[in-house]
Amino acid sequence: MARRPISDELWLTLEPLLPPFIPSPKGGRRRSVDDRAALNGILFVLQTGIPWEDLPKELGLGSGMTCWRRLRHWQARGVWTKLHQAMLSKLREHDRIDWSRASIDSASVAKPPGGQETGPNPTDRGKLGSKRHLVVDAQGIPLALTVTGANRHDSMAFEATLDALVAVPGLRGRPRKRPDKLHADKGYDFERCRRYLKQRGILARIARRGVESRERLGRHRWVVERTHAWFAGFGKLRIRFERSLETHLALLTLAAAIICSRFVEDLC
């Protein structure tokens, strides 16, 4: 992945969301790294996957620990979630979110020992890992994400991941948060999942175990697999390095906003 600085479009969206800097009443040194430089430092680490402490000082982006603290501070203020939602709103303003169908799927991510929402991965000799669960639109635009331990069955995160969908404004009328139908593989073939969709007026297109071939639904579900590949293109997300779940979610949500911003840039 190219180590690009933040785009002007993304920065103009993010800047108003950042909390103002409030100097300590006890005095002390002034902030030595401005927000845009710190954000570029965060992006460099996110894209390359290097340890925070190895961020090159010659880049002029501050120390890795400064960028790490800024990432966590902004996560606590809800900045990354607001940024993702703002990028979705920009896409909806141009009617670029395809609500005709959505897809859900998960991807396992290896993880060093310890940390919240980790568990023994049954497909990787019981090594600790996490799962990233995504809902995307018909084009692969990430609409919602959650994280669980690698030992959790995909269906167990079904409701929570769909509940993470937010109402997206941008066009005349009510904000929208529900797709017309949802595509999913056989890992979600449970009556509970179908009942959840029916109660919300969403048509279920879930492959049935022992009945339908995976290729039939794969014509539509490949977009969510491609989006997982986009997330894995960020070096810091290929393996879950962060022990803290909140820090890991901050990086995931920032990556989702960046992916959305690429679709926004195509509008220009």
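Since the structure is predicted, the reported quantities are computational estimates derived from the model, not experimental observations. Residue numbers here run from 1 along each chain, matching the order of that chain's written sequence. The predicted nature of this model means local features are confined to residues of pLDDT at least 70 and side-chain atom pairs, given and counted, to a pLDDT of 80 or more, with totals for whole chains, interfaces and linings taken over all residues. Only hydrogens and water are removed before side-chain values are computed, so all heavy atoms of the structure are retained for them.

**Q** Hey, could you run me through the confidence of the model for the protein in this one?
**A** When pLDDT is low, close inspection of the predicted coordinates is not appropriate. Per residue, pLDDT captures the predictor's confidence, and it can take any value from 0 to 100. Scored by pLDDT, the protein has a mean of 90; 92% of the residues are at 70 or more. Least confident of the elements in the protein is helix α7 (residues 214–232), whose mean pLDDT is 83; most confident is helix α5 (residues 158–163), at 98. Only DSSP runs of H or I covering at least 4 residues are called helices, and only runs of E covering at least 2 are called strands; the numbering of each starts at the N terminus.

**Q** Just to check I follow, could you spell out the packing of helix α2 (residues 35–48) against helix α3 (residues 64–76) for this structure?
**A** For any two helices packed against each other, one specifies the inter-axial angle together with the distance between the axes. Here α2 crosses α3 at 100 degrees, and the two axes come no closer than 9 Å. Relative to α3, α2 is oriented roughly perpendicular. Facing Asp35, Ala38, Leu39, Gly41 and Ile42 of α2, the residues of α3 in contact are Cys67, Arg70, Leu71 and Trp74. Within the contact of α2 with α3, the residues separate by chemical class into 6 nonpolar, 1 polar and 2 charged. What counts as an axis is a line fitted to C-alpha atoms, over the stretch in contact for a helix, and the angles between N-to-C directions run from 0 to 180 degrees. Angles are sorted into four bins: roughly parallel if under 35 degrees, roughly antiparallel if over 145, roughly perpendicular if 65 to 115, and oblique for all others. Residue contacts are defined here by distance: any two heavy atoms, one from each residue, within 4.5 Å place the two residues in contact. Gly is placed with the polar residues, together with every amino acid not listed as nonpolar (Ala, Val, Leu, Ile, Met, Phe, Trp, Tyr, Cys and Pro) or charged (Asp, Glu, Lys and Arg).

**Q** How do you make sense of the packing of α3 against helix α9 (residues 245–265) when you look at a structure like this?
**A** Where α3 contacts α9, the axes come no closer than 10 Å and their chain directions differ by 90 degrees. One way to sum up the angle between α3 and α9 is to call them roughly perpendicular. In this structure, α3 contributes Trp68, Leu71, Arg72 and Gln75 to the contact, and α9 contributes Glu246, Thr247, Leu249, Ala250 and Leu251.

**Q** In this structure, what is going on with the packing of aromatic side chains? I would like to understand it.
**A** Any aromatic ring pair is given by two values, namely how distant the centres are and how the planes are angled relative to each other. Ring pairs shown here join Phe, Tyr and Trp side chains whose ring centres sit within 6.5 Å, with only the six-membered ring taken for Trp; geometry is labelled stacked below 30 degrees between planes, edge-to-face above 60, and tilted in between. A complete count under the given rule lists 4 aromatic pairs for this structure. Here Phe158 and Tyr188 contribute two aromatic rings whose centre-to-centre distance is 5.7 Å and whose plane-to-plane angle is 50 degrees, an arrangement assigned as tilted. Taken together, the positions of Phe158 in helix α5 and Tyr188 in the loop between β5 (181–184) and α6 (191–199) put the pair 30 residues apart, joining distant regions of the chain. Only protein chains enter the calculation, and the probe is 1.4 Å; a residue is then buried if its accessible area is under 20% of its type maximum, exposed if over 50%, and partly exposed in between. Its relative accessible area of 0% is what places Phe158 among the buried residues. Linked through ring pairs, Phe158, Tyr188 and Tyr196 together constitute an aromatic cluster. Each ring is checked for a lysine NZ or an arginine CZ that lies within 6 Å of its centre and within 35 degrees of its normal; such an atom marks a charge sitting over the ring. The ring centre of Phe190 lies 4.6 Å from the NZ or CZ of Arg209, which sits over that ring. Residue placement shows Lys236 over the ring face of Phe241; its charged tip is 4.9 Å from the ring centre.

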